[in-house]
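Each chain, letter by letter, is given below.
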Amino acid sequence: MTTPQTPRALALAKLAQSGLAAADLGAFGLSVLDRAGPPALSPAFQPLAALRLDYYSPSGKRTDFYRLRYLEVANGFDLLTKKAPRYVQPPGTTAEVYWPRNRDWPRIAGDASVGVHLTEGELKACCATKFGFPALAVGGVWAWRSAKRGVGLAPSLTPAGFEWRERPVYIVFDSDVGVKPDVAAARLALCEALVTLGALPSLVELPPVDGLKGKTGLDDFLVARGRDAYLEAVIAARPFASARALWRLSEEVIYVRDPGLIVVAA
């Protein structure tokens with residue numbers, strides 16, 4: 001019989017997938033919870049080992065918001081009819097933007113010449129930070145806003161003292177963005193929102209990683225290909241300003257290859 005892994009072992013295995021190690025738990029303010037931990041935080045949480053992802057301001061102060069990344073899969077009849085959630089957050093909370101603990105944020109905040117990288121997933125942002133790229137993350141592709149609650153941009157996207165005007169922002173979503181219309185729409189909307197802040201967003205397309213099945217995330221790419229290969233992808237990024245017209249056209253015109261028709265959307 002296989003001995004069950006401890007919560008810490010599960011957490012370290014998850015961190016390793018993102019190029020992170022035990023020392024990064026403390027560096028980024030992450031913590032490991034055993035099965036009793038999540039229900040103690042909220043009865044809405046499952047009794048599963050989890051990684052607690054505390055959110056911080058760019059100044060390094062911990063906020064009240066956090067998310068949990070379950071490290072185990074629940075058992076139960078409900079899993080036969082729906083996908084088990086991997087990430088959860090306190091009930092009743094709205095979207096927040098994740099700023100990994102980075103001692104350089106205070107310096108970067110007022111220097112708009114420093115580009116930042118914006119990805120989907122906290123551990124990906126931690127990985128990018130460890131590789132030397134100033135990065136922040138959204139917990140989901142639409143998690144930078146909360147239209148349901150009447151919130152436009154999450155306040156954590158526009159912290160006091162952080163200068164967005166004329167700042168390069170590299171949007172790095174997972175490689176499946178091209179085949180998921182909702183994800184592509186979220187990326188488009190995020191770019192539009194950043195433009196309203198005066199930022200200069202560009203789209204980074206991650207090339208495939210040999211031997212990796214499924215989509216490629218920023219952490220996958222950095223771990224497999226390294227810093228220099230990612231820099232090449234950043235250099236090749238498409239400025240949003242030049243891509244916007246093409247996207248707008250694609251919303252109005254559809255090309256059907258066979259039999260060679262152009263259809264104008266109603």
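What you are looking at is a predicted structure, and each value in this text was computed from that prediction instead of being measured.

*Asks:* Hey, could you run me through the sheet that holds strand β10 (residues 168-172) in this one?
*Replies:* Within a sheet, adjacent strands bond to each other through the backbone by hydrogen bonds, running parallel or antiparallel. The sheet built from six strands is open, its strands ordered β5-β7-β6-β10-β11-β12 with mixed pairing. Looking at strand neighbours, the two that pair on one side only are β5 (97-98) and β12 (238-239), the edges of this open sheet.

*Asks:* Just checking my understanding: could you explain the nonpolar core for this structure?
*Replies:* Counting residues in hydrophobic clusters, the biggest one holds 35 residues, and the most contacted among them are Leu30, Leu51, Tyr98, Val204 and Tyr230. Of all the secondary-structure elements, those providing two or more residues to this core are α1 (7-17), β2 (50-56), α5 (122-130), β7 (135-138), β10 and α7 (218-235). In terms of residue count, α7 provides more of this core than any other element does, seven residues in total. Once you skip the residues sitting within four places of it in the chain, tyrosine 230 turns out to touch His117, Phe133, Val172, Val204, Leu206, Leu218, Phe221 and Leu222. Counting 34 residues, the second-largest nonpolar core is a separate cluster that includes Ala95, Val116, Trp164 and Val169.

*Asks:* So what exactly am I meant to see when it comes to the sheet that holds β2 here?
*Replies:* Ordered in space as β1-β2-β3-β4, the four strands form an open sheet in which the pairing is antiparallel. Taken across any chain shown, the strands that pair with only one partner, and hence form the sheet edges, are β1 (30-33) and β4 (87-88). Sheet topology places strand β3 (residues 62-70) next to β4; two bridges connect them, and they run antiparallel. The partner of arginine 69 across the bridge, within β4, is tyrosine 87.

*Asks:* What is the right way to look at the pairing of β7 in this model?
*Replies:* Here β7 shows two buried faces, one formed by Ala135 and Ala137 and the other by Leu136 and Val138. Here two bridges tie β5 to β7, and the two strands are oriented antiparallel to one another. By the bridge assignment, tyrosine 98 is partnered in β7 with alanine 137. Strand direction decides the pairing type here: strand β6 (residues 116-120) and β7, joined by four bridges, are parallel. Counted as the bridge partner of histidine 117 is alanine 135 from β7. Crossover connection from β6 via α5 to parallel β7: handedness right-handed.

*Asks:* Where do I start with the packing of aromatic side chains in this structure?
*Replies:* Geometry of an aromatic ring pair is reported as the spacing of the ring centres plus the angle between the planes. Counted by the stated rule, this structure contains nine aromatic pairs. Relative to tyrosine 66, the ring of phenylalanine 45 lies with its centre 6.5 Å away and its plane at 75°, an arrangement referred to as edge-to-face. In this pair, phenylalanine 45 sits in the loop between α3 (37-41) and β2 while tyrosine 66 sits in strand β3, placing the two residues 21 residues apart along the sequence. Judged by its relative accessible area of 8%, tyrosine 66 falls in the buried class. Ring pairs connect the aromatic residues Trp99, Trp105, Phe162 and Trp164, which therefore count as one cluster. A cation over an aromatic ring shows up here: arginine 52 above the ring of tyrosine 66, its NZ or CZ 4.2 Å from the ring centre.

*Asks:* Help me out: how do you make sense of unusual backbone geometry in this one?
*Replies:* Peptide bonds are, in most cases, trans, and in most cases residues other than glycine have a negative phi. In this model, glutamate 166 sits at a positive phi of 65°, which is unusual for a non-glycine residue. Inspection of the secondary structure puts glutamate 166 in the loop between β9 (151-153) and β10.

*Asks:* Teacher, can you tell me more about the state of the cysteines here?
*Replies:* Note: disulfide means a covalent bond formed between the sulfur atoms of two cysteine side chains. A full pass over the atoms with the stated rule returns zero disulfides. With no disulfide of its own, cysteine 127 has cysteine 126 as its nearest cysteine by sulfur position, at a separation of 8.8 Å. With relative accessibility at 0%, the residue cysteine 127 sits in the buried group.

*Asks:* Where do I start with the pattern of salt bridges in this structure?
*Replies:* Two side chains of opposite charge can pair, provided their charged atoms sit close to one another. Counted according to the given criterion, the structure contains 12 salt bridges. A salt bridge links lysine 215 to aspartate 174; its shortest N-O distance comes to 3.3 Å. Of this pair, lysine 215 sits in the loop between β11 (200-203) and α7 while aspartate 174 sits in the loop between β10 and α6 (181-196), and the two are 41 residues apart along the sequence. Judged by its relative accessible area of 41%, lysine 215 falls in the partly exposed class. Look at the salt bridges and you will find they share partners, linking Arg52, Asp54 and Arg62 into a network.

*Asks:* Would you mind showing me how to read α6 here?
*Replies:* Along an α-helix, residues three or four apart share an orientation, since each turn contains 3.6 residues. Compared with the 22 Å implied by 1.5 Å per residue over 16 residues, the 23 Å span of α6 between its first and last C-alpha is a close match. When α6 is considered as a whole, its buried residues turn out to be Val183, Ala186, Arg187, Leu188, Ala189, Leu190, Cys191, Glu192, Ala193 and Leu194. Two residues or fewer past α6, glycine 198 is found with a positive phi of approximately 90°.

Analysis parameters
Residues numbered from 1 in each chain as written. Predicted model: local features only at pLDDT ≥ 70, side-chain atom pairs only at ≥ 80, totals over all residues. Heavy atoms only, no water. Pairing = 2+ DSSP bridges. Helix = DSSP H or I, 4+ residues; strand = E, 2+ residues; numbered from the N terminus. Core = buried A, V, L, I, M, F, W, Y, C linked by side-chain atoms within 4.5 Å. Buried < 20%, exposed > 50% of the residue type's maximum accessible area, 1.4 Å probe, protein only. Contact = heavy atoms within 4.5 Å. Right-handed = clockwise from strand over helix to strand, strands pointing away. Phe/Tyr/Trp six-rings, centres within 6.5 Å; stacked < 30°, edge-to-face > 60°. Lys NZ or Arg CZ within 6 Å of the ring centre and 35° of its normal. Disulfide = S-S within 2.5 Å. Salt bridge = Lys/Arg side-chain N within 4 Å of Asp/Glu carboxyl O. Expected span 1.5 Å × (residues − 1).

Worth remembering: the numbers are spatial, not functional.
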